[in-house]
Amino acid sequence: METADILSMGEWGLSLFSRNKARKQYKSQESAFKEQAALNMHIGAFNAAVAEHAGEEESTAIFNETKRIYGEQRVKFAQMGIEMSGSPMFVMGETLSMGMKKYQESKFNTNVNMMNTRYAAIAATSTAKANAESARWGARGENVNIFKDVLQGVKMLSSMASSGGGLDVFGLFKGLF
């Protein structure tokens, strides 16, 4: 057997080994990306629940503070003997109006935060799923490349055997099957 033939066989074996390693790496990546996608959905749901809870607490606090201030104003005006008409009613109405505006803004911001966290989770999950799909196809591509390399190796070995090198192609594979 010629040195070039030995080098060709070594190159062929190395190619098969590296393609198999790449295939395994793609499969590992696919698995990791699938786990990441599932985790992203859980994190998104958790973050949305946290945003909702925090928003509800903030809104309730604003509402309760508005009621407290309004009640305090009524008591103070009554203690001072001021009738509840005219400018005192205007002041109290402004207190309620501003408090309800802050309350509604808090509710709106809560909904926006919940939607943003859900969207971020969906986007991250989508990216992870796309990466998993890409890795899956990468592994399939390596399977095709491995098959092509095996065919190339069989042709190379057959060529060596037919050129009078005395190589038994099928004898090399006896231990494999």
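Remember, it's a predicted structure, so these values are computed and weren't measured experimentally.

S.K.: I'd like a description of the packing of aromatic side chains, backed by residues and values.
M.R.: This model, assessed by the stated rule, comprises 1 aromatic pair. Taking the centre distance of 5.6 Å and the plane angle of 55 degrees together, the rings of Phe63 and Tyr103 count as tilted. Placement of Phe63 in helix α1 (residues 3-79) and of Tyr103 in helix α2 (residues 87-165) is noted, with a sequence separation of 40 residues between them. A residue is classified by how much of its surface remains accessible, and Tyr103, at 22% relative accessible area, is partly exposed. The side chain of Arg140 reaches across the aromatic face of Trp137, ending 4.6 Å from its centre.

S.K.: For the nonpolar core, give the residues involved together with the corresponding values.
M.R.: Across soluble globular proteins, nonpolar side chains show a tendency to be buried alongside one another. Judged by nonpolar contacts, Trp12, Leu16, Ile146, Met156, Leu157 and Met160 together constitute the single largest core of 6 residues. A total of 4 residues in this core trace back to one element, the largest contributor, which is α2.

S.K.: Pulling in residues and values, what's your account of the environment of Tyr26?
M.R.: Following the sequence through the fold, Tyr26 ends up in helix α1. For the pair Tyr26 and Glu133, spaced 107 residues apart in the sequence, the C-alpha separation amounts to 10.0 Å. Those residues in contact with Tyr26 that lie beyond four places of it in its chain are Ala135, Gly138, Ala139 and Glu142.

Cut-offs and rules
- Every chain's residues receive numbers from 1 upward, in the order its sequence appears when written.
- Local features in a predicted model are, by the rule used here, given only for residues with pLDDT of at least 70; side-chain atom pairs are given and counted only at 80 or more, and totals for whole chains, interfaces and linings are based on all residues.
- Water and hydrogen atoms play no part in the side-chain values, which are based on all heavy atoms of the structure.
- Here a pair means two rings of Phe, Tyr or Trp (six-membered ring of Trp) with centres within 6.5 Å. Their orientation is stacked below 30 degrees between planes, edge-to-face above 60, and tilted elsewhere.
- Every helix listed is a DSSP run of H or I at least four residues long, and every strand listed is a run of E at least two residues long, numbered separately from the N terminus.
- Buried means the residue's accessible area, taken with a 1.4 Å probe over protein chains only, is under 20% of the maximum for its type, while exposed means over 50%, and partly exposed covers the values in between.
- Lysine NZ or arginine CZ positioned within 6 Å of the ring centre and within 35 degrees of the ring normal marks a charge as sitting over the ring.
- Throughout, nonpolar core names a set of buried Ala, Val, Leu, Ile, Met, Phe, Trp, Tyr and Cys residues whose side chains join them through atoms within 4.5 Å.
- Contacts are assigned to residue pairs that have any heavy atoms within 4.5 Å of one another.

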